[in-house]
Amino acid sequence: MPADQTPHDRPPGQMELDRLVASARDGDRPAFDELVRRTYVDTYTLAMRLTADEEDARDVVQEAYLRAWKGIDRFRGDARFSTWMYRITANAAFTHLERRRRHRHETLDAVGEPAERAVSALPEESAQSAELLDRLSAAVRELPPKLRVVVVLRDVYDLSHAEIAEELSISESAAKVRLHRARRKLRDALSEDSGDEKVARAV
Amino acid sequence: MRCDDVARLLPEVVEAGAPVDLALGSHVETCLRCQAELARYRRMLRGLRALRTRYLEPSPTLLAQTLAALEEESERKAVRSLLSGRRLAYAGAIGGAAVAAAATTVVIVTRSRRRSGFSLAG
């Protein structure tokens, strides 16, 4: 739990999640199943952004929840359950991508473009910005996986450099270098079709 | 510092709270081109953050498959735990039987020695 937040400050939804987490830590499977029901869309979204492949994302989601269930008693509760799941998902995705690369002799850069299906947009998101965020999303998918994983975790999901380094088993400085390379590539990709100018107006 | 140097460093300095080199800061303050470039990076980061709240819809079977995988894992865990409990019980029973057999042997040997002692004395 963040230092500046007491349990009373937590929104009702978060308190309910905390209660489910506490029950799951005591071995309550139905409570854990309920946690899965409430978070799996979020976890799937992250898995899709990390792997850029629907089949891989499904595998990663299942692996992430299996790891979470096995390790729920190690969840200390000083972070949000969602953040803990992000870290597990990132680790599972990284393992999955590495295994895929080794066993199928594919380069990580050769991952196919996924079909980004129905997207639940924010009400205030205009049609123009939705279209342009789609293009930003597509530019992220086009990044080499090693760069994509870092930029998604840092710039989309706000994980710290230290957390990213730990989950990917790399140094913090390596994580920063990858992040900066990823940002530069994204910037270039958006510039190629003047997308950044449109993003600038729309976001 | 030249615009090219600034362009190279911008992916680092757009990070909120990142220390900004003095030379870089003073160049950006006076260079419209670099100001525009910095603004583009910041908008790109805002766009990336906005992706956080755009959820992708999973296939309808994902939840059921995930819950089924968890159920399977729980069953495997329960079987493992049962087997390890039985192994402990078997080991305990064998250990207990061994101790009992050893104790019985000691008693029998002690008694037979006593008997042979009495018969020698008689």
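Student: Would you take a moment to explain the overall build of chain A for this structure?
Tutor: Scanning chain A for helices and strands turns up nine helices and one strand. Scanning chain A from its N terminus toward the C terminus, one meets helices and strands in the order α-α-α-α-β-α-α-α-α-α. Within chain A, buried positions represent 51% of all 203 residues. Long-range contacts, defined here as pairs at least 24 residues apart, represent 66% of the contacts in chain A between residues at least 6 apart. For chain A, the computed accessible surface area is about 9,700 Å², with 48% contributed by carbon and sulfur atoms.

Student: Please clarify how the overall build of chain B should be interpreted in this entry.
Tutor: Across its full length, chain B carries four helices and one strand. The N-to-C order of helical and strand elements in chain B reads α-α-α-β-α. For chain B, whose C-alpha radius of gyration is 40 Å, the value lies well above the compact-globule estimate of 14 Å for 122 residues. Along the first, second and third principal axes, the C-alpha set of chain B runs to 125 × 45 × 20 Å. Scored against the burial criterion, the 122 residues of chain B give a buried share of 25%. Taking as baseline every contact in chain B between residues at least 6 positions apart, the subset at least 24 positions apart corresponds to 53%. Surface exposure of chain B reaches about 8,200 Å², of which carbon and sulfur atoms provide 62%. Here chain B holds 19 positive side-chain charges and 12 negative ones, and the gap between their average locations is 18 Å.

Student: Could you clarify how one ought to interpret the packing of helix α8 (residues 172-192) of chain A against helix α1 (residues 3-13) of chain B in this entry?
Tutor: Two numbers describe a pair of packed helices, the interaxial angle and the distance between the axes. In the contact formed by α8(A) and α1(B), the axes pass within 8 Å of each other and the chain directions differ by 115°. Regarding α8(A) and α1(B), the two cross each other, and that crossing is right-handed. Facing His180(A), Arg183(A) and Arg184(A) of α8(A), the residues of α1(B) in contact are Arg8(B), Pro11(B) and Glu12(B).

Student: Can you help me understand the pattern of salt bridges in this one?
Tutor: Side chains bearing opposite charge may pair, as long as their charged atoms lie close to each other. Residue and element names in this part refer to chain B. Evaluation of the coordinates by the stated rule reveals 19 salt bridges over all chains. Across the pair Arg8 and Asp5 runs a salt bridge whose closest N-O atoms are separated by 3.8 Å. Note that Arg8 and Asp5 are positioned in helix α1 at a spacing of three residues, about one turn of the helix. On the basis of relative accessible area, Arg8 is assigned to the partly exposed category, the value being 47%.

Student: Looking at this structure, I do not really get the nonpolar core. What am I missing?
Tutor: The tendency in soluble globular proteins is for nonpolar side chains to be buried as a group. Core analysis: the biggest nonpolar cluster contains 75 residues, and Phe32(A) and Leu48(B) have the highest contact counts within it. Among all residues touching Phe32(A), those that are not within four sequence positions of it are Ala24(A), Tyr65(A), Ala68(A), Trp69(A), Ile72(A) and Leu70(B).

The rules behind these values
- Residues numbered from 1 in each chain as written.
- Chains lettered and ligands numbered in written order.
- Predicted model: local features only at pLDDT ≥ 70, side-chain atom pairs only at ≥ 80, totals over all residues.
- Heavy atoms only, no water.
- Helix = DSSP H or I, 4+ residues; strand = E, 2+ residues; numbered from the N terminus.
- Buried < 20%, exposed > 50% of the residue type's maximum accessible area, 1.4 Å probe, protein only.
- Contact = heavy atoms within 4.5 Å.
- Areas by Shrake-Rupley, 256 points an atom, 1.4 Å probe, with all protein chains shown as cover.
- Rg over C-alpha atoms; globule rule 2.2 N^0.38 Å.
- Lys, Arg positive; Asp, Glu negative; His and termini not counted.
- Charge placed at Lys NZ, Arg CZ, Asp CG, Glu CD.
- Axes fitted to C-alpha atoms, helices over the stretch in contact; angles between N-to-C directions.
- Left-handed = near helix turned anticlockwise from the far one by under 90°.
- Salt bridge = Lys/Arg side-chain N within 4 Å of Asp/Glu carboxyl O.
- Core = buried A, V, L, I, M, F, W, Y, C linked by side-chain atoms within 4.5 Å.

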